[in-house]
Amino acid sequence: MNLKKILIVTVILMTLFVTVIYADDINEEAPASSIFEDLTVETYKSEGLNINARSAIVMDFESGRVLFEKNAYQKRPMASTTKVMTAIVAIENGNLDDMVTVSKNAASIHGSLMHLKAGETLTLRELLYGLLLCSGNDAAIAIAEHVGGSMENFIKMMNEKAKEIGAFDTNFTTPHGLDEVGHYSTAYDLALITRYALRIPLFNEIVKTTSIQIGGRYLQNTNEMLTSYPGADGVKTGYTGKAGRCLITSATRDGRRFISVVLYCDSRAQRALSSKKILDYAFSLYYPRTVIKSEYLGTLPVIKGFEKTVPVYVEKTVTMPLSDAEMENLYTKISLPEQIYAPVTEKAVVGTLSVYLDDQILCESPIRAGKSVKQKTILQYFIDVVISWLKLIK
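Residues numbered from 1 in each chain as written. Predicted model: local features only at pLDDT ≥ 70, side-chain atom pairs only at ≥ 80, totals over all residues. Heavy atoms only, no water.

A. Quick look at the nonpolar core. By size, the foremost hydrophobic cluster in this structure holds 67 residues, and its most contacted members are Met85, Met114, Leu127, Leu128, Ile143 and Phe203. Every residue in contact with Leu128, bar those within four places of it in the chain, is listed here: Ala87, Ala90, Ile91, Leu96, Ile143, Leu202 and Ile206. (Core = buried A, V, L, I, M, F, W, Y, C linked by side-chain atoms within 4.5 Å. Buried < 20%, exposed > 50% of the residue type's maximum accessible area, 1.4 Å probe, protein only. Contact = heavy atoms within 4.5 Å.)

So, in structure tokens, the structure goes:
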């Protein structure tokens, strides 16, 4: 083989090597495809919950109860799962029909893209599809600049919203999630943020869309779970060098909806497998159980009242996902005084009903007064004495 042929072969091999090694740096997420062909129930049973994810959680959508966690409160970079918050802030503060002009700043960002061009215009709604389906970093910047007036102000809005939701271990420095100092969250916080987002109808609709045509663009969802896991209906993928492979999944079956988060997996296959394992665990063990029922408990003696007793009731019905084993370890405590003093206001809290799982409070409901009871005045006491005296002398 002459020198020219050797050089050609060398260049081809080097090109292939660079493409394989740096493919994910060029494009954060590729379109979703099925990766569960070799997985079975037997695989899940034999391997249990030994997952590849460094941090993970499963949260019940309705109650917010955590059903599984692994390092769920550990702060980590979270890559494009950031865009869940970007979407929340945009939907709540923007006009979906607004025409957004793409800036040079947005068009020049790297990573996964919607492939926007500087100067073109799209509606905010269209950009949200590009943000959440193909994980467009360019869409994230265009949205932030339009809704927030500037990137800095939009990021401030993101952080304020995080605190409002209760995600206190989260800090945003970008709307897209590319690696940057000080940009982090936790699996628990991301589950909280996602639970909030899924209550927004438009967000809920977008994240379960597998593909859509936007103008001349065909957008395909990067979430492999949508086409590979029964019941999957969202939510968001992510990848950077520091964050690893990340995935937030929502899945609904027979009226049960769970949210899983896995952070820093070694590959797309591993993040999907980790998600599948912990969701299978939740679906196989946890079912909705009514642990508190709203009902009247009886009456409570009233001191110095126009009436001697007041009806009391448990305020709310509480339904939570519980396993059969947990149901056997539940017990209830009612905290009520032996008597209360007038005046009593209707719906005033007079006690608490607490449900315990082992030694931990699982949930509580206030016990409230069913009606108002006025306090007797001195004149009323005098009248009562006179009436009693008259009854005696009859």
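There's plenty left to go through after this.
B. The pattern of salt bridges, seen in detail. One pass over the full model with this rule turns up 14 salt bridges. Salt-bridge contacts for Lys208 lead to Glu205; the nearest nitrogen and oxygen are separated by 3.9 Å. Two residues, Arg368 and Glu315, come together in a salt bridge whose shortest N-O distance is 3.2 Å. Of this pair, Arg368 sits in strand β17 (residues 360-369) while Glu315 sits in the loop between β12 (309-314) and β13 (318-322), and the two are 53 residues apart along the sequence. For Glu315, a relative accessible area of 34% gives the class partly exposed. What you see here is one network of salt bridges that share partners, running through Glu92, Lys161 and Glu164. (Salt bridge = Lys/Arg side-chain N within 4 Å of Asp/Glu carboxyl O. Helix = DSSP H or I, 4+ residues; strand = E, 2+ residues; numbered from the N terminus.)

C. Looking closely at unusual backbone geometry. Of note, the amide linkage connecting Gly234 to Val235 takes the cis form, showing an omega dihedral of 20°. With respect to the helices, strands and loops of the structure, Val235 is situated in strand β7 (residues 232-240). In this model, Ala342 is joined to Pro343 through a cis peptide bond whose omega is 5°. Checked against the element boundaries, Pro343 lands in the loop between β15 (340-341) and β16 (349-357). A positive phi angle is found at Asn71, which is not glycine, with a value near 50°. Secondary-structure assignment places Asn71 in the loop between β2 (66-70) and α3 (83-93). At Asp358, a position not held by glycine, the phi torsion is positive, near 60°.

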